Amino acid sequence: MKIFIVLHHEVIGTPENYRADEMVFYTCDSLKKAINLIRKSYVDRWSWWEIQSQEFNSHDWPEHIVYYGLRGGKLAKAPYEKCVELFKKARRQS
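Here's a quick rundown of the structure.

To continue, consider the nonpolar core. Phe 4, Val 6, Cys 28, Ala 34, Ile 35, Ile 38, Val 43, Trp 49, Ile 51, Val 66, Tyr 68 and Leu 70 together form the largest nonpolar core, which totals twelve residues. When residues of this core are assigned to their parent elements, the largest contribution, three residues, is made by helix H1 (residues 31–40). Once you skip the residues sitting within four places of it in the chain, Ile 51 turns out to touch Phe 4, Ile 5, Val 6, Leu 31, Ala 34, Ile 35, Ile 38, Glu 63, His 64, Ile 65, Val 66 and Tyr 68. Counting residues in hydrophobic clusters, the runner-up holds seven residues, among them Trp 48, Val 84, Phe 87 and Ala 90.

In structure tokens, the structure reads:
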């Protein structure tokens, strides 16, 4: 059985000392369900999603499928630089 792992990536820390962090938010039995969960979730603007797939109970590393933006739009690559700028701007204003 193939499962889909939904990872949430987010910039954390301070404007001077930041890094990207990731956490598994969901696991699903279909890509469609994984995308629907992304679209229903609310996260900070300096975040993005990644979907990976893996055979259930496998010892192999998961396979990267695709990156998604906050609302579920496909991305060609992780928006790390853009999210760092959004993070720094938001932290300086708070």
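Here the narrative resumes, following the displayed structure.
According to the stated counting rule, one finds four aromatic pairs in the structure shown. Relative to Trp 49, the ring of Phe 25 has its centre 5.4 Å away and its plane inclined at 80 degrees; by these criteria the two rings are edge-to-face. One end of the pair, Phe 25, is in strand E2 (residues 18–28); the other, Trp 49, is in strand E3 (residues 47–55), with 24 residues separating them in the sequence. A centroid spacing of 6.4 Å and a plane angle of 20 degrees characterise the contact between Tyr 26 and Trp 49, whose relative ring orientation is stacked. Remark: Trp 49 occurs in strand E3 and Tyr 26 occurs in strand E2; sequence separation between them is 23 residues. Every member of this aromatic cluster is reached through a ring pair, and the members are Phe 25, Tyr 26 and Trp 49.

Parameters at a glance
- Residues numbered from 1 in each chain as written.
- Predicted model: local features only at pLDDT ≥ 70, side-chain atom pairs only at ≥ 80, totals over all residues.
- Heavy atoms only, no water.
- Core = buried A, V, L, I, M, F, W, Y, C linked by side-chain atoms within 4.5 Å.
- Buried < 20%, exposed > 50% of the residue type's maximum accessible area, 1.4 Å probe, protein only.
- Helix = DSSP H or I, 4+ residues; strand = E, 2+ residues; numbered from the N terminus.
- Contact = heavy atoms within 4.5 Å.
- Phe/Tyr/Trp six-rings, centres within 6.5 Å; stacked < 30°, edge-to-face > 60°.

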